[in-house]
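What the coordinates show
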Amino acid sequence: IGALYSITDPGKPLSLADVPGIQSVSGSNSQFTNAQLRDLTSAGVMVVIQPSTLAPPTIRHEVSTDTTDKKIQQWSFTHVVDSLAKALRKSLTSILGRDRMTDEFLNKVYVTTFATLQFYKETKHRISDFEIQELGRSITVIDALAIKLKVTIPNVANNADITLIV
């Protein structure tokens, strides 16, 4: 599952993903009811099921172990945030440690940060909106930048409520 996680696009959830390398899952469908499986996943347990003996093992519903908030419970949310933070740090490495913290330097950081976020919004579709709320000198660490961002992450389509009217 770790290998699957490492090669999956952060914007794509692992729900319903096939799990390569596992031949079979015993008892996943016969020992638990759907309600019990929902309870397990809502408590932060990743459940792997095998719908039939011919079907590959599949992640039923992926969640993180942080169940304090529904927004961050989804593993895909934490994965997107982690990958975005890594991309932002990477985009700023060519700027950091080379200049003094002047207005010109802060403007360069702003432009780079904005461009990176815009790329993830328009090209990668990992965020649907963003706002750079603060950018400036850290008040706690003398030689550090403080960047405060607000990002909106699109909801993942894990389930479908279907009503048939006959």
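Note that the coordinates shown come from a computational prediction; the quantities given were computed from them, not determined experimentally.

What about the nonpolar core?
Counting nine residues, the largest nonpolar core consists of Leu84, Ala87, Leu88, Leu117, Tyr120, Ile127, Phe130, Ile132 and Ile153. A per-element tally of this core places helix 4 (residues 75-92) first, with three residues. In contact with alanine 87, not counting residues within four places along its chain, are Thr116 and Tyr120. Counting residues in each nonpolar core, the second largest holds five residues, with Leu92, Ile95, Leu106 and Val109 among its members.

What about the confidence of the model for the protein chain?
With 67% of its residues at a pLDDT of at least 70, the protein chain reaches an overall mean of 75. For the protein chain, helix 3 (residues 70-73) is the element with the lowest average pLDDT, namely 52, and helix 5 (residues 103-122) is the one with the highest, namely 92.

Thoughts on the pattern of salt bridges
Applying the stated criterion across every chain yields a total of two salt bridges. Put simply, lysine 108 and aspartate 99 hold a salt bridge, and the shortest N to O gap is 3.4 Å. Among the ionic pairs, lysine 121 bridges to aspartate 129, the shortest N-O distance being 3.8 Å. With relative accessibility at 39%, the residue aspartate 129 sits in the partly exposed group.

A few points about the side chain of serine 91
The topology assignment puts serine 91 in helix 4. At 3.2 Å, the side chain of serine 91 and the side chain of threonine 116 are in polar contact. When residues no more than four places from it in sequence are discounted, the contact partners of serine 91 are Thr112 and Thr116.

What counts and what doesn't
- Residues numbered from 1 in each chain as written.
- Predicted model: local features only at pLDDT ≥ 70, side-chain atom pairs only at ≥ 80, totals over all residues.
- Heavy atoms only, no water.
- Core = buried A, V, L, I, M, F, W, Y, C linked by side-chain atoms within 4.5 Å.
- Buried < 20%, exposed > 50% of the residue type's maximum accessible area, 1.4 Å probe, protein only.
- Helix = DSSP H or I, 4+ residues; strand = E, 2+ residues; numbered from the N terminus.
- Contact = heavy atoms within 4.5 Å.
- pLDDT = per-residue confidence, 0-100.
- Salt bridge = Lys/Arg side-chain N within 4 Å of Asp/Glu carboxyl O.
- Polar contact = N/O pair within 3.5 Å; in protein donor to acceptor, adjacent residues only side chain to side chain.

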